[in-house]
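Now for the letters of each chain:
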Amino acid sequence: MSKKYVINAIIYILATLGANYTAAWFIPFPIFGQVAVGTFIFGITFTQRDKLHGAGRRWVYGTIAIAALANVLMSAVLAVPLRIIAASFLAIVLAETADTEIYQKLLRYPWLVRVAGSNAVSIPLDTLLFTLVAFAGVLSTTEIVSLLFGETVTKYAIGILVALWREGKFIWQES
């Protein structure tokens, strides 16, 4: 297997671990919305995982499975609340599966179309699943709506930046 796929898989797994560790540390937006610190890290995972498709669907799913299990283990060791562990596991497995299957359907299209198309579904699905499972009954409705807004906007912004950055430079810098 190519070294770049191994590196991309490691970055993906580490990003999910870091994101889940900081999932309950919130930063408010100036007017409306808030975002977990982990979202700044997790936004990387959507596009990072898309970089694994060149290695094949089995490699993508293997990486997702390792990330999901690693997050459960890390969270259990660090005594993360069960609601966060369950939310993380469900969101990783379901949203990442949806993203992977949509990306696979878009393989004949250019890179940015594949990334945007798969992220259009996986980012809101991930945000909705994680936020509702992790924080329903813990945060107020207003806080949850604020979090849904902030998380979605932030994940899209980071996903776009990561998609535009390829092999050490932005795509418009390529010759």
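Residues numbered from 1 in each chain as written. Predicted model: local features only at pLDDT ≥ 70, side-chain atom pairs only at ≥ 80, totals over all residues. Heavy atoms only, no water.

### Focus: the nonpolar core
Grouped together as the largest cluster of nonpolar side chains are 16 residues, with contacts concentrated most on Tyr12, Ile13, Leu17, Phe42, Ile64 and Ile92. By residue number, the principal contributor to this core is helix H3 (residues 57-77), which donates six residues. Non-local contacts of isoleucine 64, meaning those with residues more than four positions away in its chain, are made with Tyr12, Arg49, Ile92, Glu96 and Thr100. The next biggest cluster of nonpolar side chains, apart from the first, holds 13 residues, and it includes Ile85, Ala87, Ala91 and Phe130. (Core = buried A, V, L, I, M, F, W, Y, C linked by side-chain atoms within 4.5 Å. Buried < 20%, exposed > 50% of the residue type's maximum accessible area, 1.4 Å probe, protein only. Helix = DSSP H or I, 4+ residues; strand = E, 2+ residues; numbered from the N terminus. Contact = heavy atoms within 4.5 Å.)

### Focus on a nonpolar patch on the surface
A grouping of Ile31, Phe32, Val145, Phe149 and Val153 is seen on the molecular surface, where their side chains present a nonpolar patch of about 490 Å² in accessible area. Position of isoleucine 31 relative to the elements: it lies in the loop between strand S1 (26-28) and strand S2 (34-36). (Patch = residues over 30% accessible without salt bridge, like charges linked within 9 Å, V, L, I, M, F, W, Y side chains within 5 Å. Areas by Shrake-Rupley, 256 points an atom, 1.4 Å probe, with all protein chains shown as cover. Salt bridge = Lys/Arg side-chain N within 4 Å of Asp/Glu carboxyl O.)

### Notes on the packing of aromatic side chains
A complete count under the given rule lists four aromatic pairs for this structure. When the centroid spacing of 6.5 Å and the interplanar angle of 70° are considered together, the rings of tyrosine 103 and tryptophan 111 count as edge-to-face. Connected via pairs of aromatic rings, a cluster forms that spans Phe26, Phe130 and Phe135. (Phe/Tyr/Trp six-rings, centres within 6.5 Å; stacked < 30°, edge-to-face > 60°.)

### Description of unusual backbone geometry
We note that alanine 79 has phi near 60°; this positive angle belongs to a residue other than glycine. Tracing the chain through its elements places alanine 79 in the loop between H3 and helix H4 (82-105). Judged by relative accessible area, alanine 79 falls into the exposed class, the value being 64%.

### A look at helix H2 (residues 37-50)
The buried count for H2 comes to ten of 14 residues, which makes it a mostly enclosed element. Here H2 has its buried residues at Gly38, Thr39, Phe42, Gly43, Thr45, Phe46, Thr47, Gln48, Arg49 and Asp50. Taken together, the buried residues of H2 touch helix H1 (3-21), S2, H3, H4, helix H5 (111-135) and helix H6 (141-164).

### With respect to the environment of phenylalanine 32
Inspection of the secondary structure puts phenylalanine 32 in the loop between S1 and S2. What makes phenylalanine 32 partly exposed here is its relative accessible area of 38%. A sequence separation of 111 residues divides phenylalanine 32 from glutamate 143, and the C-alpha atoms of the two residues are 9.9 Å apart. Those residues in contact with phenylalanine 32 that sit more than four places away from it in its chain are Val145, Ser146 and Phe149.

### Comments concerning the environment of alanine 91
Summarising the element assignment, alanine 91 is placed in helix H4. Residue alanine 91 is classed as buried on the basis of its relative accessible area of 1%. Linking alanine 91 and leucine 125, residues 34 residues apart in sequence, is a C-alpha distance of 7.6 Å.

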